[in-house]
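# Summary of the model geometry
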Protein chains: 4
Amino acid sequence: MTRIAVLGTGRIGRMHAENIASHPRAKLAGVYDIHAPAAREVAAKLGVQEFESVEAVLGSSDVDAVLIATSTPTHADLIERSVAAGKAILCEKPIDLSLDRVNACATKIAGTDLPIMLGFVRRFDSGHAGVRRAIESGQIGDLHQVTITSRDPGMAPDDYIEVSGGIFRDMTIHDFDMARFILAEEVTELTATGSRLVDPALMQRCDDYDTVTVVLKTASGKQAIITNSRRAVYGYDQRIEAFGSAGMAISENRPMDHVRLYAAAFTDRAAPLKNFFIDRYADAFAAEISAFVDAVEQGRPVPVGFEDGRQALILAEAAIRSVRENRTVKISEIG
Amino acid sequence: MTRIAVLGTGRIGRMHAENIASHPRAKLAGVYDIHAPAAREVAAKLGVQEFESVEAVLGSSDVDAVLIATSTPTHADLIERSVAAGKAILCEKPIDLSLDRVNACATKIAGTDLPIMLGFVRRFDSGHAGVRRAIESGQIGDLHQVTITSRDPGMAPDDYIEVSGGIFRDMTIHDFDMARFILAEEVTELTATGSRLVDPALMQRCDDYDTVTVVLKTASGKQAIITNSRRAVYGYDQRIEAFGSAGMAISENRPMDHVRLYAAAFTDRAAPLKNFFIDRYADAFAAEISAFVDAVEQGRPVPVGFEDGRQALILAEAAIRSVRENRTVKISEIG
Amino acid sequence: MTRIAVLGTGRIGRMHAENIASHPRAKLAGVYDIHAPAAREVAAKLGVQEFESVEAVLGSSDVDAVLIATSTPTHADLIERSVAAGKAILCEKPIDLSLDRVNACATKIAGTDLPIMLGFVRRFDSGHAGVRRAIESGQIGDLHQVTITSRDPGMAPDDYIEVSGGIFRDMTIHDFDMARFILAEEVTELTATGSRLVDPALMQRCDDYDTVTVVLKTASGKQAIITNSRRAVYGYDQRIEAFGSAGMAISENRPMDHVRLYAAAFTDRAAPLKNFFIDRYADAFAAEISAFVDAVEQGRPVPVGFEDGRQALILAEAAIRSVRENRTVKISEIG
Amino acid sequence: MTRIAVLGTGRIGRMHAENIASHPRAKLAGVYDIHAPAAREVAAKLGVQEFESVEAVLGSSDVDAVLIATSTPTHADLIERSVAAGKAILCEKPIDLSLDRVNACATKIAGTDLPIMLGFVRRFDSGHAGVRRAIESGQIGDLHQVTITSRDPGMAPDDYIEVSGGIFRDMTIHDFDMARFILAEEVTELTATGSRLVDPALMQRCDDYDTVTVVLKTASGKQAIITNSRRAVYGYDQRIEAFGSAGMAISENRPMDHVRLYAAAFTDRAAPLKNFFIDRYADAFAAEISAFVDAVEQGRPVPVGFEDGRQALILAEAAIRSVRENRTVKISEIG
């Protein structure tokens, strides 16, 4: 049993706490939130301890690992403190919005052999992982092109957008990780295109974009194309297509159920798509906990680690530079 | 070049005339209709001769073959006369609504080696024929169960229904032929179930049914299930599923085009189905002409002949008896 | 918290025990199996009590309800004893293979207001339930025809088949319940067709069938068609299609994941179907526990009860008589 | 009747000749090819005149229009001569591989009111045109992103590639036209990425690419992404996806037929894709002739004209510059 405490009991922390609580090989060691009533409610509901401080969590001998689901600006700090306290870490993305801060954190924790896993949950989706497996097993031959479609069902609230670090660091970062995961070769250059089409006024105010396309290229010439939108009215659109010398593999969208309807007005209508990430990636979030427990218990390397978080942020930085300067950017220019 | 005259220029005769006119190995030798202006219009449009009588058609040395698309009660008579005149025949289904009349016709034309082909057009559909090919090539192993879904997009006019001979002779007859085509083994018994759900008053008046299910069985135990409805509001529903020891083959519905739509109100909507038989089976009608020309020119046996028309009618008679007597009927009871 | 003890820790009992253990509103009160080591293993794994006897379970004040997953011949007896002990019941299907025994059980427990729920798990499948919801909400108008395709991925072992009570009581019984669930009107007559195509020798020996079709009809003329096979080599084939005056709703098969593959050899290949009932209906089994807990905690009526189990068995008896006597059977002839 | 002569009776010219011959409102006025036997064979097969020279065609009073399907380097010249001769023109793409030559041709024919239509056949595909119609009718709201996937089933012969003008002028040019057709707003800049993955040696020799991605942007910020490969082993991959503020429309691939196969080895396999452009766009080629005849007979503007051909070539030139200089190129830099 891996005893995991959850730091941060917002929507995503609460979901992780429930997943840990019902995991056969994990034990929810307790929860903490800077807003105590939030932690208290989750603790009561799941019948576990409410920690009163981060210190209490990190000092507890009943805690093997921490899951960091607090607000982004606290992540790097909590990683450093958790490493110092000898706790294994599963940290929600991103490590930090600042690459400098991430690099400083990397320096500080250098040399630790504690498992530090990044919460790029999509790697644990059976569809996306299935595409990678199809490649690894040779089913589509040498990889040539990867197309990643990733559109949120709707705009986040304005105040979320304002502190999000911008679409590339907040939303595309998942797709940068997917591109690296599927390409299995480092990206050497990229070109990003940004438009303000969903909410031009807000985007103008934040110097941000709501509709972006990024083309990434590796040294051997593999291409990956990411298309993002902050709002797809038909639902959470999450697809990956990998094209190679011997075929193509596609990870398709997930409807809520498998009912199709036919009527005079429409003919053949599928169920709506699963609504946003907690539903869409529910199985993946559970598999992520399993992978983390495997790493902690069996000393296996984490399947996605700190450096993966850093690399995805580097691609986000490159994309920001690309869209600002309207040019192709070499990844070696960053960091 | 096979020179074919079309008898009957109603909707289906006109379509056949156009198909013959544009067929590379056929020549439209002219058209005839009991209602002269109808024939005249088609003749003018296609630039061919208008025959003034059946005698003129059958007596013409410029006519190798006739396509019989007149009203049902005239079919048997025209077959007999065409055989007497030495013309090859492609006759729309059914041969006649009366099995006695069909048997009499069979006796009369016995011994002819003229090609006499029945217009069971669905045999020439690439999907349905593809299912049969999958069976013949062993792709699904030994055949166990066949499911035929066949629903019209809407009720025919009352006066059509009243002279149609009832749903089994008029509509299911196509499915009986499909069952025989896919089973490739004669049916030995069947059970039919009829309901009045679409238009109960009309069905009551005609002693007919608008919603039927027929289960057919062969000597070796193969099963075929036909479901019919006179009205599917979502369009012309035409599917065949063949299940066997090594797999399953499905001939799917045909959308009008390959556009899918996604919107807030529905998510993933396909194009409407092709609208009724002239659209849905357009390719099959053209292939039917080719098969007929092959039979005439190359002396090949017709792929679907008089006896197939007779057998389908026998199954219709058995179904009528089954539904009236509410019992399983052996095919040997009929005829 | 509803405290549920599981009787019987075979494959299905073990799955139920795990589902109860991880259910937020249920508590696994312990497990029992006639083969003690089997219970011990599950008890140890899930950290719960192993009961030494049925008496111990039924006598425990820590047990609110029992889930009966023992062998079929013990079901009726355990229902009677559980009712006598005042425990709520969730019993795996069937109640018994003998309708007389079921009727006797019904008499014995008459008047109890304890929740007694039957494990017709498919009612809790989001797809099948979605079809019913589409009907209830009027999306397909008046129901006319229901098509239920239900094929196992492979033959059960010979010794299972031999004591199964035959395909109609063992396998089709689920589809009889589905037919009743979707039709929402009692069946008045049926015609069953049976063939021996998958394993003729075994079927002959057991006086059983491996390939069956059943057509059911209600008083108002609604039709339901069930097709079963003991072996579909492509996987567990579970589909329901409901056709009505205003449209059609289809509950589709479930692929293992949403990856599609395209290659030179095949073009567009879907993932394999979910493998048999524990995978295919995993969500439904969890939802079933929730529905049971709702009934126990909130005093709501069970969504599927003893009488549903009895009615499905009556349809199985009618089907057996129909196939033996090769005739349409009125349901009123049975019981 | 529009009397059309076909210049060039290679594979595509022959297909056009057949389509014209069987078109109800067109008449094949004859054929010409620089290689006389090729023309003779087609003329004989279709029962039309073989012209001995271009002069004979252009001088004939029995010719209203010419369809230019000769080799690319002759197109601009034949356009100029046909205009001089007062013939309406349907010319296969591209006008010429050199933008200078195209501009010179434009100057020379300036002021003519003869219909001059460019053979961008994909505009007449019911799926692609259906996507545009969905946009025009407001079904997906304001357009944000267009994704065009276009992959050939296999490499053309080396000697074809060597004179093709490169992938952007030869293959992507169709997609540039599709982008303009769907975007319905002029492109202002683009970034092209090219790789040598299918046949690196040949591509090196030709200074060409076999795997390309192009991102195009309009003044208002609409984005279009084109992905091309010279070889998709699973078949001719032709898809368009348009994403907007109110939804998404997708033009899907076309299987050869609508048969699906399920077996132990694969589960649910679709039919192969239609094989290359003559099959895939067969309906579109026929619709193209109709549109041309409409323009000639009714004096309607051609739906896709000389300037569309020129604009597509400008985008190809911009893409070549972009990939060579590895930077975003403004369209205003070209021409």
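Residues numbered from 1 in each chain as written. Chains lettered and ligands numbered in written order. Predicted model: local features only at pLDDT ≥ 70, side-chain atom pairs only at ≥ 80, totals over all residues. Heavy atoms only, no water.

### Describing the overall build of chain A
Scanning chain A for helices and strands turns up 13 helices and 13 strands. Taken against the 2.2 N^0.38 rule, which gives 20 Å for 335 residues, the C-alpha radius of gyration of chain A at 20 Å falls within 12% of a compact globule. Principal axes of the C-alpha set define a box for chain A whose edges measure 55 × 55 × 45 Å. Scored against the burial criterion, the 335 residues of chain A give a buried share of 62%. The long-range share in chain A, meaning contacts at least 24 apart out of those at least 6 apart in sequence, stands at 70%. Taken together, the 37 basic and 46 acidic charged side chains of chain A have centroids lying 2 Å from each other. (Helix = DSSP H or I, 4+ residues; strand = E, 2+ residues; numbered from the N terminus. Rg over C-alpha atoms; globule rule 2.2 N^0.38 Å. Buried < 20%, exposed > 50% of the residue type's maximum accessible area, 1.4 Å probe, protein only. Contact = heavy atoms within 4.5 Å. Lys, Arg positive; Asp, Glu negative; His and termini not counted. Charge placed at Lys NZ, Arg CZ, Asp CG, Glu CD.)

### Let's talk about the relation of the copies chain D and chain A
The transformation that overlays chain D on chain A combines an axial shift of 0.0 Å with a rotation of 180°, and the residual RMSD is 0.0 Å. On this basis, the relationship between the two copies can be described by a two-fold rotation axis. It is D:Arg327 whose C-alpha, among those of chain D, lies nearest the rotation axis, at 2.8 Å. (Least-squares fit on C-alpha atoms with pLDDT ≥ 70 in both.)

### Quick notes on the interface of chain C and chain B
Listed as interface residues are 41 residues of chain C and, on the opposing side, 41 residues of chain B. Approximately 3,100 Å² of surface area, both sides summed, lies buried where chain C meets chain B, with 51% of it carried by carbon and sulfur atoms. The partner of C:Glu241 in a salt bridge is B:Arg151, and the shortest N-O contact between them spans 3.1 Å. Put simply, the parts of the chain that give the side of chain C that touches chain B at least two residues each are strand S6 (143-151), strand S7 (187-195), strand S8 (211-218), strand S9 (223-229), strand S10 (237-244) and strand S11 (247-251) of chain C. (Buried area = accessible area lost by both parts, 1.4 Å probe. Salt bridge = Lys/Arg side-chain N within 4 Å of Asp/Glu carboxyl O.)

### Considering the relation of the copies chain C and chain B
The operation relating chain C to chain B is a screw motion whose rotation component is 180°, with 0.0 Å of axial translation and a residual RMSD of 0.0 Å. Mapped onto chain B, 100% of the interface residues of chain C are again interface residues, and the two copies thus contact each other with one and the same surface.

### Digging into helix H4 (residues 75-84) of chain A
The buried count for H4(A) comes to seven of 10 residues, which makes it a mostly enclosed element. Of all the positions in H4(A), only A:His75, A:Ala76, A:Leu78, A:Ile79, A:Glu80, A:Ser82 and A:Val83 are classed as buried.

### Comments concerning the packing of helix H5 (residues 99-109) of chain B against helix H13 (residues 306-325) of chain B
Residue and element names in this part refer to chain B. In the contact formed by H5 and H13, the axes pass within 10 Å of each other and the chain directions differ by 160°. With respect to H13, the element H5 is oriented roughly antiparallel. You can see that H5 and H13 cross each other, and the crossing is left-handed. Facing H5, whose interface residues are Leu99, Val102, Asn103, Cys105, Ala106 and Ile109, H13 presents Phe306, Arg310, Leu313, Ile314 and Glu317. Considering only residue class, the contact of H5 with H13 consists of eight nonpolar, one polar and two charged. (Axes fitted to C-alpha atoms, helices over the stretch in contact; angles between N-to-C directions. Parallel < 35°, antiparallel > 145°, perpendicular 65-115°, else oblique. Left-handed = near helix turned anticlockwise from the far one by under 90°. Nonpolar A, V, L, I, M, F, W, Y, C, P; charged D, E, K, R; others polar.)

### With respect to the pairing of strand S3 (residues 65-68) of chain A
Residues and elements named next belong to chain A. Across the two faces of S3 the burial is the same, with Ala65 and Leu67 and Val66 and Ile68 all buried. By the bridge criterion, four bridges tie strand S1 (residues 2-7) to S3 in an arrangement that is parallel. Of the residues in S3, the one forming a bridge with Val6 is Leu67. With four bridges connecting them, S3 and strand S4 (residues 88-91) associate as parallel partners. Within S4, the position partnered with Ile68 by the bridge is Cys91. Between S3 and its parallel partner S4, the chain crosses via H4, and the hand of that crossover is right-handed. (Pairing = 2+ DSSP bridges. Right-handed = clockwise from strand over helix to strand, strands pointing away.)

### Some points on empty space enclosed by the protein
One pass over the full model with this rule turns up nine cavities of 30 Å³ or more. If you add up the space inside the second largest cavity, you get close to 60 Å³. As for the second largest cavity, its lining consists of A:Glu189, A:Leu190, A:Thr191, A:Val215, A:Leu216, A:Lys217, A:Thr328, D:Thr191, D:Ala192, D:Thr193, D:Asn326 and D:Arg327. Mapped by element, the contributors of at least two residues to the lining of the second largest cavity are strand S7 (187-195) and strand S8 (211-218) of chain A together with strand S7 (187-195) of chain D. (1 Å grid on protein atoms, 1.4 Å probe; cavity = no way out; pocket = protein on both sides within 12 Å on 5 of 7 lines; lining within 4 Å. Points joined across faces, edges and corners; volume = space filled by probe spheres on them.)

### A short note on the sheet that holds S6(C)
If you walk across this open sheet you meet the eight strands as S12(A)-S11(C)-S10(C)-S6(C)-S9(C)-S8(C)-S7(C)-S13(C), and the pairing is mixed. Two strands bound the open sheet, and with one partner strand each, they are strand S12 (259-263) of chain A together with strand S13 (329-330) of chain C. Across five bridges, the pairing between S10(C) and S11(C) is antiparallel. Following the sheet pairing, C:Ala242 is matched in S11(C) by C:Ala249. Against the sheet, helix H13 (residues 306-325) of chain C touches S7, S8 and S13 of chain C, its axis set at about 50° to S7(C).

### A word on the UniProt feature "domain: Gfo/Idh/MocA-like oxidoreductase N-terminal" (unreviewed entry) in chain A
As recorded in UniProt, the sites labelled "domain: Gfo/Idh/MocA-like oxidoreductase N-terminal" (unreviewed entry) are residues 3-117 of chain A. As annotated, residues 3-117 of chain A comprises 43% helix and 19% strand, and the C-alpha atoms at either end are separated by 16 Å. (UniProt positions renumbered as here; feature names shortened; annotations may be inferred.)

### Section: the interface of chain D and chain A
Counting residues at the interface gives 41 residues for chain D and 41 residues for chain A. A combined buried area of about 3,100 Å² lies between chain D and chain A, and 51% of that area is made up of carbon and sulfur atoms. The tally of links between chain D and chain A comes to four salt bridges. Where chain D touches chain A, the interface holds 22 residue pairs in polar contact (both at pLDDT 80 or more). Taken together, the residues of the side of chain D that touches chain A sort by class into 12 nonpolar, 19 polar and 10 charged. (Polar contact = N/O pair within 3.5 Å; in protein donor to acceptor, adjacent residues only side chain to side chain.)

### Quick notes on unusual backbone geometry
Residues and elements named next belong to chain C. Residue Pro94 follows Lys93 across a cis peptide bond; omega there is -10°. For Pro94, the location among the structural elements is in the loop between strand S4 (88-91) and helix H5 (99-109). With a phi close to 65°, Phe276 is a non-glycine residue in the positive phi region.

### As for the domain arrangement of chain A
Residues and elements named next belong to chain A. For chain A, the assigned domains are domain 1 (2-114) and domain 2 (125-280 + 306-333). Computed from C-alpha coordinates alone, the two centres of domain 1 and domain 2 are separated by 27 Å. Each partner contributes to the interface: domain 1 provides 16 residues, whereas domain 2 provides 15 residues. A buried area of about 1,200 Å², summed over both sides, lies between domain 1 and domain 2, and 77% of it is on carbon and sulfur atoms. Three residues, Lys93, Leu97 and Leu99, lead the burial of domain 1 against domain 2; their summed loss comes to 44% of the area buried on that side. Taken together, domain 1 and domain 2 are joined by one salt bridge. (Domains from an automatic or database assignment.)

### Side note on the packing of aromatic side chains
Counted according to the given criterion, the structure contains 24 aromatic pairs over all chains. Taking 6.1 Å as the distance between ring centres and 90° as the angle between the ring planes, the aromatic pair formed by D:Tyr236 and D:Tyr281 counts as edge-to-face. With D:Tyr236 in the loop between strand S9 (223-229) and strand S10 (237-244) and D:Tyr281 in the loop between helix H11 (276-280) and helix H12 (282-298), this pair connects stretches of sequence that are 45 residues apart. With a relative accessible area of 2%, D:Tyr236 lands in the buried category. Taking 5.0 Å as the distance between ring centres and 75° as the angle between the ring planes, the aromatic pair formed by D:Phe276 and D:Phe277 counts as edge-to-face. For D:Phe277, a relative accessible area of 18% corresponds to the buried category. Grouped by ring-pair contacts, the aromatic residues A:Tyr236, A:Phe276, A:Phe277, A:Tyr281 and A:Phe285 constitute a single cluster. One residue, C:Arg280, lies across the ring of C:Tyr281, its end atom 4.5 Å from the ring centre. (Phe/Tyr/Trp six-rings, centres within 6.5 Å; stacked < 30°, edge-to-face > 60°. Lys NZ or Arg CZ within 6 Å of the ring centre and 35° of its normal.)

### Observations regarding the sheet that holds strand S10 (residues 237-244) of chain B
Taken together, the eight strands give an open sheet; going across it, the order is S13(B)-S7(B)-S8(B)-S9(B)-S6(B)-S10(B)-S11(B)-S12(D), and neighbouring strands pair in mixed fashion. Edge positions in the sheet fall to strand S13 (329-330) of chain B together with strand S12 (259-263) of chain D, since each of these pairs with one other strand and no more. The pairing of strand S6 (residues 143-151) of chain B with S10(B) spans eight bridges and is classified as antiparallel. Residue B:Leu143 lies in a different strand from S10(B), and its bridge partner there is B:Gly244. Here helix H6 (residues 126-136) of chain B sits on the sheet and contacts S6, S10 and strand S11 (247-251) of chain B together with S12 of chain D; the angle it forms with S11(B), its principal contact strand, is near 165°.

### Quick look at helix H1 (residues 11-21) of chain B
Listed in full, the buried residues belonging to H1(B) are B:Gly13, B:Met15, B:His16, B:Ala17, B:Asn19 and B:Ile20. Buried residues along H1(B) sit in contact with strand S1 (2-7), strand S2 (26-32), helix H2 (36-46), strand S3 (65-68), helix H11 (276-280) and helix H12 (282-298) of chain B.

### A short note on the side chain of C:His128
Tracing the chain through its elements places C:His128 in helix H6 (residues 126-136). Not counting the four nearest positions on each side in its chain, C:His128 is found in contact with C:Arg122, C:Met178, C:Phe181, C:Ile182, C:Gln238, C:Ile240, C:Ser251, C:Arg280 and C:Tyr281.

### Notes on the environment of D:Val131
One can find D:Val131 in helix H6 (residues 126-136). We classify D:Val131 as buried; its relative accessible area is 0%. Each C-alpha atom, one on D:Val131 and one on D:Ile182, is 7.6 Å from the other, the two residues being 51 residues apart in sequence. Sequence-distant contacts of D:Val131, that is, excluding residues within four places in its chain, are made with B:Val259, D:Ile182, D:Ile240, D:Ala242, D:Ala249, D:Ile250 and D:Ser251.

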